[in-house]
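So the chains spell out like this:
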Amino acid sequence: MPSPQGKIQEFRVAAWTEVQGLADAIAAATIQDGTVHVQAIGDKATYRAIKAIAIARGRGAVSARNLVMWPGFRDVPNDDKRYEDAADRITAMLLVVTL
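Below is a summary of the structure that appears in this document.

Parameters and conventions
- Residues numbered from 1 in each chain as written.
- Predicted model: local features only at pLDDT ≥ 70, side-chain atom pairs only at ≥ 80, totals over all residues.
- Heavy atoms only, no water.
- Helix = DSSP H or I, 4+ residues; strand = E, 2+ residues; numbered from the N terminus.
- Buried < 20%, exposed > 50% of the residue type's maximum accessible area, 1.4 Å probe, protein only.
- Contact = heavy atoms within 4.5 Å.
- Areas by Shrake-Rupley, 256 points an atom, 1.4 Å probe, with all protein chains shown as cover.
- Salt bridge = Lys/Arg side-chain N within 4 Å of Asp/Glu carboxyl O.
- Pairing = 2+ DSSP bridges.
- Axes fitted to C-alpha atoms, helices over the stretch in contact; angles between N-to-C directions.

1. A few points about the overall build of the protein chain
Helix and strand counts for the protein chain come out as two helices and four strands. Ordered by position from the N terminus, the helices and strands of the protein chain form the series β-α-β-α-β-β. Scored against the burial criterion, the 99 residues of the protein chain give a buried share of 34%. A sequence separation of at least 24 residues applies to 67% of the contacts in the protein chain between residues at least 6 apart. For the protein chain, the exposed surface amounts to about 6500 Å²; the carbon and sulfur share of it is 57%.

Structure follows, in structure tokens:
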């Protein structure tokens, strides 16, 4: 059953996100909705996001489901106000995952 109002589920990944749990969530959401967005900011978060997608893809191969990922970028508000000269917006990786 698709998400309410046709909204695409979005997962925000941090450097400390648990990869196995994220992989399970991605696999379940793609089976339910067909497409999910995975957003990561920084190298460690991006690494964990891609690793989780690879694990989810491997789990889907058992049931003959193949996940496809399209990488892209997205500007997001910068909530880190520790520095006076911090930019108002920063760039995040946006990984679109679909069956």
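2. Observations concerning the pattern of salt bridges
What the rule picks out here adds up to two salt bridges. One salt bridge in this structure joins R12 and E10, with 3.4 Å as the shortest N-O distance. If you follow the salt bridges from partner to partner, you end up with E10, R12 and R74 in one network.

3. Quick word on the environment of A49
Among the secondary structure elements, A49 is positioned in helix α2 (residues 43–62). Residue classification places A49 among the buried positions, given a relative accessible area of 0%. Each C-alpha atom, one on A49 and one on Q39, is 7.9 Å from the other, the two residues being ten residues apart in sequence. The contact partners of A49, leaving out residues within four places of it in the chain, are V13, L22, V38, A40 and L95.

4. Considering the sheet that holds strand β2 (residues 35–40)
Taking strand neighbours across the sheet as the criterion, the four strands line up as β1-β2-β4-β3 in an open arrangement whose pairing is mixed. Among the strands making up the open sheet, the edge pair consists of β1 (9–13) and β3 (68–77). Taken pair by pair, the neighbouring strands of this sheet meet at an average axis angle of 25 degrees, ignoring direction. Summarising the sheet, β3 and strand β4 (residues 89–98) pair through ten bridges and their orientation is antiparallel. Counterpart to P77 in the pairing with β4 is R89. Strands β1, β2 and β4 of the sheet are contacted by helix α1 (residues 19–33), whose axis makes an angle of about 165 degrees with β1.

In short, shape yes, function no, at least from these values alone.
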